[in-house]
Amino acid sequence: MKIGALFAAVTMVSACSMSIIPQGAAQNLPPQQAPQPEGEWVAGDLPDVAAPQPTYKNGAPAMFRPVDPAQLVKIGDDPTRATGSGVALGPDIASLDLGQAKASAALQSFRTSCSSLVRREDNSGLTQGADWQLSCDAAQGWQDQDAPRFFASYFEAVQIGDGKAFATGYFEPQIFGSRVKNEKYQVPVYRRPDNLIDVDLGLFSEALKDKRIRGKVDGTKLVPFEDRAQIDDGALAGQGLEIAWAQDYIDLFFLQIQGSGRLALPGGGIMRIGYAGQNGQDYTGIGKLMRERGLLADGKTNMQGIVEWLRAHPQEGMQIMRENKSYVFFRELTGPGPLGAMGHPVVARTSVAADRMFVPLGAPVFLDMAHDIADGLWVAQDTGGAIKGANRFDTFWGAGEQAAQIAGGMSSNGQALLFLPKGTVSRLVSARQNPDQ
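As the structure is a computational prediction, the values presented were derived from the model and not from experiment. (Residues numbered from 1 in each chain as written. Predicted model: local features only at pLDDT ≥ 70, side-chain atom pairs only at ≥ 80, totals over all residues. Heavy atoms only, no water.)

Caption draft 1: Spatial organisation of the overall build of the protein chain. When its secondary structure is counted, the protein chain shows 11 helices and 19 strands. Burial analysis of the protein chain (437 residues in total) assigns 54% to the buried set. For the protein chain, the exposed area adds up to about 18500 Å²; of that, 50% sits on carbon and sulfur atoms. (Helix = DSSP H or I, 4+ residues; strand = E, 2+ residues; numbered from the N terminus. Buried < 20%, exposed > 50% of the residue type's maximum accessible area, 1.4 Å probe, protein only. Areas by Shrake-Rupley, 256 points an atom, 1.4 Å probe, with all protein chains shown as cover.)

Caption draft 2: Inspection of the sheet that holds strand β8 (residues 197-200) at higher detail. Taking strand neighbours across the sheet as the criterion, the three strands line up as β8-β9-β10 in an open arrangement whose pairing is antiparallel. Each end of this open sheet is capped by a strand with a single partner; those strands are β8 and β10 (221-223). Averaged over all adjacent pairs, the angle separating strand axes in this sheet is 55°, with direction ignored. Pairing between β8 and strand β9 (residues 212-218): four bridges, direction antiparallel. Following the sheet pairing, I197 is matched in β9 by G215. (Pairing = 2+ DSSP bridges. Axes fitted to C-alpha atoms, helices over the stretch in contact; angles between N-to-C directions.)

Caption draft 3: Region of interest: the environment of M290. Relative to the helices and strands, M290 is located in helix α7 (residues 286-292). On the basis of relative accessibility, which here comes to 0%, the residue M290 falls in the buried class. Expressed as a C-alpha distance, the spacing of M290 and I320, which sit 30 residues apart in the sequence, is 8.2 Å. Apart from the residues lying within four places of it in its own chain, the contact partners of M290 are L295, L296, I306, W309 and I320. (Contact = heavy atoms within 4.5 Å.)

Caption draft 4: Highlighting the pairing of strand β16 (residues 364-369). With respect to burial, β16 is a largely interior element, six of its six residues being buried. A two-sided burial pattern is seen for β16, the buried positions comprising P364, F366 and D368 on one face and V365, L367 and M369 on the other. As judged from the four bridges shared by β16 and strand β17 (residues 376-382), these two strands associate in the antiparallel manner. Paired with P364 across the bridge in β17 is V379. Connecting the antiparallel pair β16 and β17 is a turn made up of six residues. Relative to strand β19 (residues 411-421), β16 runs antiparallel, the two sharing five bridges. Opposite V365, over in β19, you have L418 as the bridge partner.

Caption draft 5: Focus on the state of the cysteines. Under the counting rule described, the total for this entry stands at one disulfide. Across the disulfide from C114 sits C136; the S-S distance is 2.1 Å. Every disulfide takes its handedness from the sign of the S-S torsion; for C114 and C136 that torsion is -85°, giving left-handed. Here C136 lies in helix α3 (residues 133-141) and C114 lies in helix α2 (residues 100-117), a separation of 22 residues in the sequence. (Disulfide = S-S within 2.5 Å.)

Caption draft 6: Quick peek at the sheet that holds strand β12 (residues 261-264). Taken in spatial order, the six strands of this open sheet run β7-β11-β6-β12-β13-β14, and their pairing is mixed. Every other strand in the sheet has two partners, leaving β7 (187-190) and β14 (328-333) as the edge strands with one partner each. Strand-to-strand twist in this sheet, taken as the mean axis angle between neighbours without regard to direction, amounts to 45°. In this sheet, β14 lies alongside strand β13 (residues 270-278) in antiparallel orientation, the contact comprising six bridges. Among the inter-strand pairings, G274 is bridged to a residue of β14, identified as R331.

Caption draft 7: Representation of the nonpolar core within the structure. In terms of nonpolar packing, the biggest core is built from 60 residues, with F110, F150, F151, V359 and F419 touching the most fellow members. Setting aside chain neighbours within four positions, we find V359 in contact with S124, A354, V365, A380, F393 and L418. Counting 28 residues, the second-largest nonpolar core is a separate cluster that includes L252, L263, M271 and I286. (Core = buried A, V, L, I, M, F, W, Y, C linked by side-chain atoms within 4.5 Å.)

Caption draft 8: Layout of the pattern of salt bridges. Per the stated rule, a full pass over the model turns up 16 salt bridges. Of the charged contacts in the structure, one is a salt bridge between R427 and D131, with a shortest N-O distance of 3.2 Å. Here R427 is found in helix α11 (residues 424-433), whereas its partner D131 is found in the loop between α2 and α3, with 296 residues between them in sequence. The class of R427 is partly exposed, set by a relative accessible area of 32%. According to the relative accessible area criterion, D131 is partly exposed, its value standing at 25%. A salt bridge links R191 to D194, with the nearest nitrogen and oxygen atoms 3.4 Å apart. What makes R191 partly exposed here is its relative accessible area of 28%. Ionic contacts of the salt-bridge type, sharing partners, join the residues E172, R262 and R272 into one network. (Salt bridge = Lys/Arg side-chain N within 4 Å of Asp/Glu carboxyl O.)

Below, the structure is given as structure tokens:
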């Protein structure tokens, strides 16, 4: 399976599984992978059927009517987070078509997220950890088959800003790799260097709250870490950072964009690798660069066309890939995975990446998209370099050819609602009216 056949849209180049600064694939797949009940994907057999083809609403009525933006309540004047974008109480959750299967899967993922949700700081400003305790306690013993009633009982639907959503898709790619370097496997897969440092600028200035940088120490100065070109040219060679070796540079490049994936080993085994850090350099989508420069012919502006061009023009292609200065480091994963930004496994067709400044990580998200296959209840368990702003989401579809086809074709507009603990909106409104209390 060629990499281009797995991608139907250039919007696939969105870095997920990355709680990174800046936040921010598969070729020659072995036999297809089948989903396991717990959301884990392993090598196995699938019936020889075509991947599900998404349908579009084509003007059909939406599942709910968005709230008039004039009714939004803004808490503070910071437009970079949900409270500054405005919030409004949405429709009664009981009136929404959650779907038994989708709601059940969402309840399971919400239950998994609870251990972190009740403890972590909510960068969006919408909630505090304690707000989730009641629903998390109830989730532990709630029957999955009664999941729709759980969400209607403990949550209220909340619109952020105008609620207009845009969703893309991502998946877990698989490429050929080896634990040892040889003539066939020459491209290093690096672990995170020990001298790569994260800096939370908010610790030094309130004006820099939620701003972070990444670099390394040089004498008494913090300086930028090496970029992609410098690393490709050997800046990290000889330091014992290699955890594996890939067969193909382009394959690894797109696996880095995804943030996690699998290496199909020569002996038939699988080595799963997950995001361990990023060099702090800006992420640049090469598809946009290539379109702007007129390198892609008509009908070749999708990912298949991008990869075909890169392989047909190896020297120029390498230079273009080096213009994406961002470089991702990996670690081997031995448990369930892939892992999202919360540190929990993301689950196919249930986990979604979001901007933590607008969505509390761990919160349920309800999507009503033109791309029908993305409709329904998801759980925000991941972040991504291209996933920025209110109501911007990246849906996770698992591993294998079908997942890649669906994810690659996912580029859809629609409406979104957050499910937040009951009473959240009234508390926020009260806080705005009584700022000193």
